[in-house]
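Below, each chain spelled out in residue letters.
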Amino acid sequence: MSPKPSLPFDNSYARLPQRFYTRQLPDPVSSPGLIRVNHALAGHLGIEPNWLESKTGVEFIAGNFIPGGADPIATVYAGHQFGGWNPQLGDGRAILLGEMIAADGVRYDIQLKGSGRTPYSRGGDGRAPLGPVLREYIISEAMAVLGVPTTRALAAATTGDEVMRDGQVPGAVLTRVAQSHIRIGTFQFFAAKKDYDALKILVDHVIQRHYPEAAQADNPVRAMLDGVVARQASLIAQWQLLGFIHGVMNTDNMLLSGETIDYGPCAFMDEFDPGTVFSSIDHGGRYAYRNQPPIAHWNLSMLAQALLPLLDGDEEKARASGQAAIDAFPDLYMAAYQNGMRKKLGLTQSDADDAVFMQDLLTLMQEEKTDFTLTFRRLSDLADPEKAPGGGVGSVFELPETFAPWLDRWRTRLASESHDASEQQKGMYAVNPAYIARNHLVEEAIDAAVNQQDFEPFHTLVDILAQPFEFKDAQARYAIPPRPEQVVKQTFCGT
Ligand code: AMP
Ligand code: MG
């Protein structure tokens, strides 16, 4: 018998005490079929992409083959879901195979999502339908190239089994990669149980893994909390600057690593409206676009609360310290947002008028219902119209007349800076994508795969979104907003 092939796993979470997880093997599937392997990411992780595409490799990504070195576990956590406390959640349909150290020295989790039931499945079947797997693959990879910290998609496979949702639909498994899957809810789980030993072990683990500089601080727990607050402020600012709506910002969907996780009901907005909500289950609009910064702030206050017993031996001082850490969020967020917005507008210098200047643009966009992405892309063309390749997106989108006075103010600002127009334009093209994962395109790709077993639209979309900053007239179809009949009004969690 040939030895079991092994991958370079090094599993630190599985070395934590037993109460952090349950050892659990994936449930084999009938007939694994390859959908796609992310060659660049595989290479980065030191996994041979061609092996992943081999028969054994596909068995691996579907959960049927466990290579040597893996130590499969389902992790436990709790969380606030839509504001309501749930003391017991956990990986109900995901299994952490193990961790690998990539070429950049960073440790990554390798997780299968949709790999069968676990002790945390509650009523669920532990499976993932094909549609949501493709959705997560497309959008998480699109976010990654846009420079947003995010979990990644290493591979996806069909299972050959059907799952029951709105009728029978094909099942699939996603191989998800993250710097870790440790959530605010993981801390909440142990804090609620008053298991402060576990809480301390978790803090040490997170510091070592994500905030090594905090270990040197006078108060490492506070330093870690400060670090998480800063990373989340920057992450949420990036979402806002791209018109990304997460849709399910529960505390179990917020990672200590500062990466975006859970591509369930998320979507990019087309026309700008700060009240936009896509998720079918978000009736009150709790997770609407405009609420994302305050919700992140609230979630972080839940983390601070969970950390209170470790922040200081004195209860008053612990509370004051946690509060001070959390109070930093609004300013950190606003600074990250305004910095990013200046870049989107080709500006490098801040100005006392910035907040008003930016708000005036957003108000115009809202009044005129202009497309969020194309507005900024068209501004990039206009920064140096002669140099816009092929006229830029002008062939498919123009700003309304009513923008003229604001454009005059903007041109005055641009002219007041030392960079020349062509440099300003280059900077803008590098941060204002022409292509985003528009909902109607994602749905179109899913529909073809699920209903016609045609994966071409999925592959094409993934390929186009891999180069979001380079507009090509021949691909204009992927840059334009949906026609009225193509508009997707609702998204679903896919659970
Ligand atoms: P999510 O809405 O994806 O953040 O999931 C919330 C919780 O429900 C997590 O604990 C998931 O593991 C669990 N869950 C979601 N879908 C399923 C499913 N099909 N089977 C079992 N557990 C699930
Ligand atoms: Mg989740």
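Predicted, not measured: the structure shown is a model, and the values here were computed from it.

Asker: Would you take a moment to explain the coordination of the magnesium ion (ligand 2) for this structure?
Answerer: Six octahedral donors around a metal ideally subtend angles of 90 or 180 degrees, whereas four tetrahedral donors ideally subtend 109.5 degrees. At the metal site, the magnesium ion (ligand 2) is ligated by Asn253 (OD1) and Asp262 (OD), and these contacts range over 2.2 to 2.4 Å. We classify Asn253 as buried; its relative accessible area is 9%.

Asker: Honestly, the pairing of strand S2 (residues 33–37) in this entry has me stumped. Any pointers?
Answerer: Remember that side chains alternate between the two faces of the sheet whenever the strand is regular. Along S2, four of the five residues are buried, which leaves the element largely enclosed by surrounding structure. Relative to strand S9 (residues 152–165), S2 runs antiparallel, the two sharing four bridges. Residue pairing for S9: Gly33 is matched across the bridge by Thr158.

Asker: What should I look at first to understand the site of ligand 1 in this one?
Answerer: Close contacts around ligand 1 come from 18 residues, with Gly90, Gly92, Arg122, Gly126 and Asp262 the closest. Between ligand 1 and Arg127, the relevant distance is 3.4 Å, taken from a nitrogen atom to a main-chain nitrogen or oxygen of the residue. One nitrogen or oxygen atom from the side chain of Asn253 is found 3.3 Å from an oxygen atom belonging to ligand 1. Its free accessible area being 480 Å², ligand 1 has 88% of it covered by the protein chains. For the shell around ligand 1, the residue count by class is two nonpolar, eight polar and eight charged.

Asker: So what exactly am I meant to see when it comes to the domain arrangement of the chain here?
Answerer: According to the domain assignment, the chain contains domain 1 (13–178), domain 2 (192–337), domain 3 (359–429) and domain 4 (439–486). One C-alpha centre belongs to domain 2, the other to domain 3, and the line joining them spans 33 Å. Taking both sides of the interface into account, the surface hidden between domain 2 and domain 3 amounts to around 760 Å²; carbon and sulfur atoms contribute 58%. Among the residues domain 2 hides against domain 3, the three largest losses belong to Asp270, Glu271 and Phe272. Together they make up 63% of the total. Summed over the shared surface of domain 2 and domain 3, the number is zero salt bridges. Counting every contact that joins domain 2 to domain 3 gives two residue pairs in polar contact (both at pLDDT 80 or more). When residues in the side of domain 2 that touches domain 3 are grouped by element, the largest group, three residues, is from helix H7 (residues 220–242). Across the side of domain 2 that touches domain 3, the residue classes break down as seven nonpolar, two polar and three charged.

Asker: I keep staring at the packing of helix H4 (residues 130–145) against helix H15 (residues 439–452) and nothing clicks. Help me out?
Answerer: For any two helices packed against each other, the geometry comes down to the angle between their axes and how far apart the axes lie. Close contact between H4 and H15 brings their axes to 9 Å; oriented N to C, the two are set at 135°. With respect to H15, the axis of H4 lies oblique. Helix-helix and strand crossings are classified by hand; for H4 and H15 the assignment is right-handed. Residues Leu130, Gly131, Leu134, Arg135, Ile138 and Ile139 of H4 lie in contact with H15, whose contacting residues are Asn439, Val442, Glu443, Ala445, Ile446, Ala449 and Val450. Grouping the amino acids of the contact of H4 with H15 by side-chain chemistry returns nine nonpolar, two polar and two charged.

Asker: Can you walk me through the environment of Leu45 in this structure?
Answerer: Mapped onto the secondary structure, Leu45 falls in helix H1 (residues 39–45). A residue is classified by how much of its surface remains accessible, and Leu45, at 2% relative accessible area, is buried. The residues touching Leu45, leaving out its near neighbours within four places in the chain, are Met100, Ala102, Tyr108, Ile110, Leu154 and Val177.

Asker: Sorry, what's going on with the side chain of Asp262 here?
Answerer: With respect to the helices, strands and loops of the structure, Asp262 is situated in the loop between strand S11 (244–245) and strand S12 (267–268). A polar atom in the side chain of Asp262 sits 3.2 Å from the side chain of Asn253. Not counting residues within four places of it along the chain, the set of residues in contact with Asp262 comprises Arg176, His246, Val248 and Asn253.

Asker: Before we go on, may I ask you to explain the packing of aromatic side chains in this structure?
Answerer: Two aromatic rings, taken as a pair, are described by how far apart their centres are and by the angle between their planes. In this structure the tally under the stated criterion is 17 aromatic pairs. Measuring from ring centre to ring centre gives 4.5 Å for Phe20 and Phe190, while their planes differ by 40°; the resulting arrangement is tilted. Within this pair, whereas Phe20 is found in the segment before strand S1 (21–23), its partner Phe190 is found in helix H5 (residues 184–192), the two being separated by 170 residues in sequence. A single burial state applies to Phe20 and to Phe190, both of which are buried.

Asker: For this particular structure, what's the right way to read the pattern of salt bridges?
Answerer: Opposite charge on two side chains allows them to pair when their charged atoms are near. Taken as a whole and judged by the stated rule, the model has 29 salt bridges. Where Glu59 meets Lys55, a salt bridge forms, and the shortest distance between an N and an O atom there is 3.8 Å. Of this pair, Glu59 and Lys55 both sit in helix H3 (residues 55–62), separated by four residues, roughly a single helical turn. Across the pair Arg413 and Asp354 runs a salt bridge, and its minimum N-O distance is 2.8 Å. Of this pair, Arg413 sits in helix H13 (residues 404–415) while Asp354 sits in helix H11 (residues 354–368), and the two are 59 residues apart along the sequence. The pair Arg413 / Asp354 is uniform in exposure class, with both members buried. Taken together, the shared-partner salt bridges connect Asp10, Arg15, Glu99, Arg107, Asp109 and Arg209 into one network.

Basis of the calculations
Residues numbered from 1 in each chain as written. Chains lettered and ligands numbered in written order. Predicted model: local features only at pLDDT ≥ 70, side-chain atom pairs only at ≥ 80, totals over all residues. Heavy atoms only, no water. Donors = N, O, S within 2.8 Å, 3.2 Å for Na, K, Ca; no water. Buried < 20%, exposed > 50% of the residue type's maximum accessible area, 1.4 Å probe, protein only. Helix = DSSP H or I, 4+ residues; strand = E, 2+ residues; numbered from the N terminus. Pairing = 2+ DSSP bridges. Near = heavy atom within 4 Å. Polar contact = N/O pair within 3.5 Å; in protein donor to acceptor, adjacent residues only side chain to side chain. Areas by Shrake-Rupley, 256 points an atom, 1.4 Å probe, with all protein chains shown as cover. Nonpolar A, V, L, I, M, F, W, Y, C, P; charged D, E, K, R; others polar. Domains from an automatic or database assignment. Buried area = accessible area lost by both parts, 1.4 Å probe. Salt bridge = Lys/Arg side-chain N within 4 Å of Asp/Glu carboxyl O. Axes fitted to C-alpha atoms, helices over the stretch in contact; angles between N-to-C directions. Parallel < 35°, antiparallel > 145°, perpendicular 65-115°, else oblique. Left-handed = near helix turned anticlockwise from the far one by under 90°. Contact = heavy atoms within 4.5 Å. Phe/Tyr/Trp six-rings, centres within 6.5 Å; stacked < 30°, edge-to-face > 60°.

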